[in-house]
Structure formats: C-alpha cells, structure tokens
Amino acid sequence: MAHTYADRSEPAMTPAAIDPASDADEACGGPRRWAEGLPLSSRRALRATERAAWGRRCSRLVVSTVAATLGAGGGVALGAAWLHDAAPGLSHAFGGGVGVGLSLLGGLGVIGLCVRRRPEGASAWTRVGGLLALALTIVATALAPTELASSLWLRTPWVAIVLLGTGTLALAAWQRITLLARLPRILGDLRRGEVDVYANASARLEVLPCSTLVLTRNGAPARRIELTRTAEIAAPQPHAYRTDLPRGIVRASVDSAMRLQRRSLTADERAELGAHIQRLRRAAWPTVASLAAVALVLGLRMLDDPDWHNLVDVVAFGWYALGVVACVGYARRHAAARKLEIDRDLRWVVTVDDVDAQAGPLDVGIARLEVLPVSHLAWTEDAAPAPWRLHGA
C-alpha cells in the first residue's frame, strides 16, 4: 500500500526531534530467523546416512565442476582455433578468434538454457523455439558466410545469442563458484551434525545452519545442491506506544476511515534495516562484471581490427545495452538503499488502522499496516512482517 506525504514548509527535523519514544521501549521478543518466508521452528540432529550422502554429493560437485570447466573450455578453444584456421574470412567477420570463441560460448549457453531441466519461466515451446532459432542462425551463417560481415539480419541474431548465452554461463559459473566457496562451511556443518528446521502449517524447509545448504523441502530431499538465504527479522510491535504524526507531515488525500499515527523503530528493527541497506549496496558485482566484459570484448575487437566502426556497429551497441542495463539496475538498488537509510535514521514508522466510531480516544488496537515513511514500503501487515522482509529487498 503506497502512501505519499507532503512537507508543509516546517523546518527540517532531526531524528531525535521526531522520535515519539525512546530506545528503551520494550520489544515483543528478540529477532527471529527466517528462510524463504518460513520462521525457524526447531533444530534436529543430522542423521549418519544424511552426513555420508551429502559428503559424497560435495565430492561429486568438485569433480563435475572440474570436468565441466575443462570440457567446455577446451572444446570452445579447440573449435575457435579450428574455425580461425579453416575459415579465416568467417573468423574475421566474427571479430577474430576471440569473437568465434564468444559465439561458440554463446551457443553453448543457449543450448544449456533450453535443455536444462525445468528452467524458470520457460515453457517447452519456448525452449524448442530457442533451439530452432539457434540452429537456423548457424545454418544461415554456413550457407551465406559473406553476409555476416555486412548484414544486420544475420549479425543481430548472433549478438542476441552471445549476450544471452554468455550471460547464462556467467550466472551458472557464479552460482557454482558460490557453492564451492561454501564447501568448508558445508563440511563444518556436516561435522557438527545440526539441522535448522523452518516451518509453518503448510511448508517445511530443513537447512544446515552455517552454510545455509538446503537439505529437504516439505520432507523431500533436495534434488540438487542449493543454498538459501536466511535473515534475522525483528519481532513485530503490535502494542507499542503510538502518537500523532509530526506537524507538517500530511498524507495526501487522507481517508477519513483510517487513522495515521507513528511509533518508534526498535534497535532490532533498525539493525534489520541496516542489513537490507548493506545487501543492496553490495550487489555491485553484476555491474562491474558487465562493464568489464564490455571493455574486454570491444578492446579485443579493436586489437584484431583497429577500425572505429567496430565501436558503433550492432555488435558494439548490443554490448553497450548490456552495460546500460546493469548500471541502471544497480542505480535503482542504490537509490532504494538510500531511502531505507533515511527511514532507519528517522527511527519511526507510520501506522495505519481503521477508525472505530464506537472506540474511545485511547482505544488503539493492532495496526493493520505499518509503512516506512520515505521508501513507502510496508513494514508489517496485520502485525506480521511484510513479505519483502522475509524474502529480501
């Protein structure tokens, strides 16, 4: 639920001046750990059979990573070298050996995206269409190799293939690197032998506490090695002291059936906001990697063929678009972090509840909604944490 507030030319207010209650307000319990929208409910011992099975899966992860890296990298390198020697004209049209290698990597990534088991958001027809488009592009290139250097109708599909395919492989590589980096913690969890259980009435998730490795979902063992994110969520404050909003802060188009007040954020809630802020600001690696890829590819193209047209053709603009998308995405996350930072420093939240004509002026029930005043994000809904807090900002 979005709210808009207008400042009626009052002097700027410091956090201390507008905090309706002190930090000494009693909380309704400490922070609680959540994972994928489920609260931590219990902890159990890891069974010996589970420890042995996950130990074997970790070993297979290392072996498969080495095999896939050597197989894919060696195959692409050999294929690029062969095409560069066997068809120098075609290789030049692709931008040299590096361009051929990137095109082969892109094709490999598209194939992997289309044939992997149940890719998110992709139907069977979408996957078949992707494979068919890749096959038609390869056939058209083989039948008319001279068209590749000058025709947009053939270069444009290759740009899309390279961007989509290499992006898919980069994401998969990052996920695999993250798993490998967690191996020491996974093995430590297996030695300690404890499992955190997150559950509600309809779902259950079992996770190793330090590495956040998912063991089971709803009682079924995880089909692949995957990590989840856990977070410390501050306890709701349904009965905290509330007071009127500061003078000069007015909600536009006020609904007379609703009562707007405010309460202070507890130390735990401010700490949780700080964690969201840090996570948003740390998400710079996709932008850095994208800009590095753009600079590397265009630099190699210029080394192979020092012609300024290589910086303004369809291939270059495709890479520029990738960099722009990455920069805009990070800029939006940085702006969201700044708004949350102001909310944290203000130290209060707007509470929204229904006006009861029969209630007295001091009869204040549980707020049905709490909203951060600057970011306009819901903080609690019916005394429960808003969904975005449980799944990450």
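Draft legend 1. Quick look at the overall build of the protein. Summing up its helical and strand segments, the protein has ten helices and 14 strands in all. Per-residue burial over the protein gives 38% buried out of 393 residues. For the protein, long-range pairs separated by at least 24 residues make up 67% of all intrachain contacts whose partners lie at least 6 apart in sequence. For the protein, the computed accessible surface area is about 21400 Å², with 63% contributed by carbon and sulfur atoms.

Draft legend 2. Representation of helix α9 (residues 314-346) within the structure. Between its terminal C-alpha atoms α9 stretches 48 Å, which fits the 48 Å expected from 33 residues at 1.5 Å a residue. When α9 is considered as a whole, its buried residues turn out to be V315, A316, G318, W319, G323, A326, A337, L340, E341, D343 and L346. In the segment just after α9, R347 is the residue with positive phi, at about 70 degrees.

Draft legend 3. Inspection of the packing of aromatic side chains at higher detail. Inspection of every chain in the model, using the stated rule, returns three aromatic pairs. With 5.2 Å between their ring centres and 85 degrees between their planes, F94 and W158 make a pair best called edge-to-face. In this pair, F94 sits in helix α3 (residues 88-94) while W158 sits in helix α6 (residues 152-192), placing the two residues 64 residues apart along the sequence. Taking the relative accessible area as the measure of exposure, F94 reaches 17% and is therefore buried. Using a relative accessible area of 11% as the deciding quantity, one classes W158 as buried. The interplanar angle of 80 degrees and the centroid separation of 5.8 Å between the aromatic rings of F317 and Y320 together place this pair among those described as edge-to-face. Here Y320 and F317 lie together in helix α9, a separation of three residues that amounts to about one turn. For F317, a relative accessible area of 47% puts it in the partly exposed group. Between the NZ or CZ atom of R57 and the centre of the ring of W54, over which it lies, the distance is 4.3 Å.

Reading the values: rules and limits
- Residues numbered from 1 in each chain as written.
- Predicted model: local features only at pLDDT ≥ 70, side-chain atom pairs only at ≥ 80, totals over all residues.
- Heavy atoms only, no water.
- Helix = DSSP H or I, 4+ residues; strand = E, 2+ residues; numbered from the N terminus.
- Buried < 20%, exposed > 50% of the residue type's maximum accessible area, 1.4 Å probe, protein only.
- Contact = heavy atoms within 4.5 Å.
- Areas by Shrake-Rupley, 256 points an atom, 1.4 Å probe, with all protein chains shown as cover.
- Expected span 1.5 Å × (residues − 1).
- Phe/Tyr/Trp six-rings, centres within 6.5 Å; stacked < 30°, edge-to-face > 60°.
- Lys NZ or Arg CZ within 6 Å of the ring centre and 35° of its normal.

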